[in-house]
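Commentary on secondary and tertiary structure
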Amino acid sequence: MSNKEVRVRFAPSPTGELHVGNIRTALFDWAYARHTGGKFVFRIEDTDTERVTDEYIQAALGTLRWLGLDWDEGPEVGGPYGPYLQSQRLDIYAKYAKQFLDEGFAYHCYCSAEELEAVREAQRAANVAPGYNGHCRNLTSEQIAAYVAEGRKPVVRMLMPEGSTTFTDLIRGEVSFDHNFVPDFVLVRADGSPLYTLAVAVDDVLMKITHVLRGEDLLSSTPRQIRVYQAMGVAPEDYPLFAHLPFVMGQDNAKLSKRNGEVSIAWYRDAGYLPEAICNYLALLGWSPGEDREDVTMKELTELFTVERVHSSPARFDIKKLEAINGDKIRALTPNSFFDWAMPFLTRANVVTGTASEIELVKKALPIIQERIATLSEIPPMLKFLFTQDFAVESDSASKISDEQSKKVLQASLDRLAGLTEWNHAAIESVLRAALIEELGLKPRIAFGAVRIAVTGSHISPPLFESMELLGAAKSLERIKAALLI
Ligand code: GLU
């Protein structure tokens, strides 16, 4: 192992919002760079201008920043090997394509889409491996002149020599590809635009990338990238080292998709997941800190992350586990930071506008729910009863308090509470227990359930007595009175 500085890159092609799979890769890249004291390079692979839009690029930057995955080189921060947007590097790829043509590593291919399809069709019929058949490898100058006269525009195709490519994947060990299954591939389209395999390999070399940690779906592109390194004249000891991360599967063991969890990180943010929880959970998808631990902070991740601890078997995405970790991270927040996370959710849901008196009440209410929620989006429905101007019992709960028994409970509560001189949760609890449990002989769930619905409007709420204390005597009594008429 040389003592070169470690340089790891995350190189997405944002054709949509970054999702769980992308971010798992970004996180491992970042953690590896931080663990080794190396550089984390962020490169945007946007040569497919139709699918990669500026909006998605901006969203990708925002997502990494939100998660705390800071990059040392890349968009916005620059760096010595920029630009870091491939769309701004097209002349570089064109230069290499020309060099490969001149030196015989690549050739012009004039085959039309129909001709290529006919080749594939014949290969299917003969049951042989699909791929380009090398038709244009050795065209004569007459053949070329004829194609040009026809108006055909060539693509640039890389010539894969006979033989095989073998490399040592840091996770999978030795991996070998027989070139019979790696056909000559296109580097530059007929319109002059570069393809992924050319751009990714050229940039990894020029940006002095030492480690490529990326999803297993890209494993099969590795022999093609290595061929580009060879054509660039890179010595084998200078090739980046590859580590292909295991697939992330959905609960149903199928590859992750929208249906089983592969939703964008923006979705998790809006649903009230904390960045630390997302990173902690994604870190466990294919890696483990050891000792059966499941909680890791970002700092611990950078201390403990090694590629040796990455498994090669697929990981399974389990939103329930993410939710549990999120609940733990919420409970671990300081009161101030819980308040900072909660406020945007409360204002977006129009529960509060942010006046001083509202803020005061929010600060009192948050401690009673911090232990009870798994996502921040649970906060507005839980606290709405404290702020709403037009209170009404939710319709599915109203039916639960319209019976005789509930009326008896509510009337007894009202009578006792009206006489309370001190309005605090301990006093409220003691009179309600006396009236409902001792005198009426009811079970707590039944007795307090009716009061809960009357006061908070729902059968799910923060702790009842604390809720009533925060709501105040006047509103609590008024709501119980109103509930008697339901
Ligand atoms: N740009 C490629 C993608 O988003 C990944 C490049 C790489 O990691 O090699 O699929």
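Note that the structure is predicted; figures quoted are calculated from it, not measured.

Scanning the protein chain from terminus to terminus reveals 20 helices and 11 strands. With the C-alpha coordinates aligned to their principal axes, the bounding extent of the protein chain is approximately 105 × 50 × 40 Å. Each of the 486 residues in the protein chain was classed as buried or not, and the buried ones make up 49%. Contacts in the protein chain between residues at least 24 apart in sequence constitute 73% of all its contacts with a sequence separation of at least 6.

One way to put it is that helix α17 (residues 425–439) packs onto helix α19 (residues 464–471) with a least axis distance of 8 Å and a crossing angle of 120°. Looking at the two axes, α17 sits oblique to α19. Both α17 and α19 take part in a crossing whose hand is right-handed. Judged by residue contacts, His425, Ile428, Glu429 and Leu432 of α17 engage Phe465, Glu466, Met468 and Glu469 from α19. In terms of residue class, the contact of α17 with α19 is built from four nonpolar, one polar and three charged.

Let us look at the sheet that holds strand β7 (residues 185–188). Strand order in the open sheet made by the three strands is β3-β4-β7, with antiparallel pairing throughout. Across the chains shown, the open sheet's two edge strands, defined by having one partner strand only, are β3 (106–109) and β7. Adjacent strand axes in the sheet meet at a mean angle of 45° when their direction is disregarded. In this sheet, β7 lies alongside strand β4 (residues 155–158) in antiparallel orientation, the contact comprising three bridges. When the sheet's bridge partners are listed, arginine 157 is paired in β7 with valine 186.

Before going further, it helps to spend a moment on the pattern of salt bridges. Under the definition given, this model contains 30 salt bridges. One salt-bridge network, in which partners are shared between bridges, spans Arg9, Arg43, Glu45, Arg89, Asp203 and Asp204.

Close to the ligand lie Arg9, Ala11, Pro12, Ser13, Glu45, Tyr196, Val200, Arg214 and Leu218. In the environment of the ligand, a nitrogen atom lies 2.8 Å from a nitrogen or oxygen atom belonging to the side chain of serine 13. A distance of 2.7 Å is found between an oxygen atom of the ligand and a side-chain nitrogen or oxygen belonging to arginine 214. The fraction of the free accessible surface of the ligand (300 Å²) that becomes covered by protein chains is 80%. Split by residue class, the shell around the ligand holds five nonpolar, one polar and three charged.

Right, let's talk about helix α18 (residues 444–456) for a bit. The terminal C-alpha atoms of α18, which comprises 13 residues, lie 17 Å apart, in line with the 18 Å expected from a rise of 1.5 Å per residue. Of the surrounding elements, those touching the buried residues of α18 are α14 (379–387), α15 (395–398), α16 (404–418), α17, α19 and α20 (473–484). Of the residues one or two after α18, glycine 457 is the one with positive phi, at around 90°.

This brings us to unusual backbone geometry. The step from glycine 82 to proline 83 runs through a cis peptide bond, and the omega angle for that step is 0°. Tracing the backbone shows proline 83 in the loop between α2 (54–67) and α3 (90–102). Unusually for a residue other than glycine, lysine 208 sits at a positive phi of about 55°. Along the chain, lysine 208 turns up in the loop between α6 (196–206) and β8 (211–215).

Cut-offs used in this document
Residues numbered from 1 in each chain as written. Predicted model: local features only at pLDDT ≥ 70, side-chain atom pairs only at ≥ 80, totals over all residues. Heavy atoms only, no water. Helix = DSSP H or I, 4+ residues; strand = E, 2+ residues; numbered from the N terminus. Buried < 20%, exposed > 50% of the residue type's maximum accessible area, 1.4 Å probe, protein only. Contact = heavy atoms within 4.5 Å. Axes fitted to C-alpha atoms, helices over the stretch in contact; angles between N-to-C directions. Parallel < 35°, antiparallel > 145°, perpendicular 65-115°, else oblique. Left-handed = near helix turned anticlockwise from the far one by under 90°. Nonpolar A, V, L, I, M, F, W, Y, C, P; charged D, E, K, R; others polar. Pairing = 2+ DSSP bridges. Salt bridge = Lys/Arg side-chain N within 4 Å of Asp/Glu carboxyl O. Near = heavy atom within 4 Å. Polar contact = N/O pair within 3.5 Å; in protein donor to acceptor, adjacent residues only side chain to side chain. Areas by Shrake-Rupley, 256 points an atom, 1.4 Å probe, with all protein chains shown as cover. Expected span 1.5 Å × (residues − 1).

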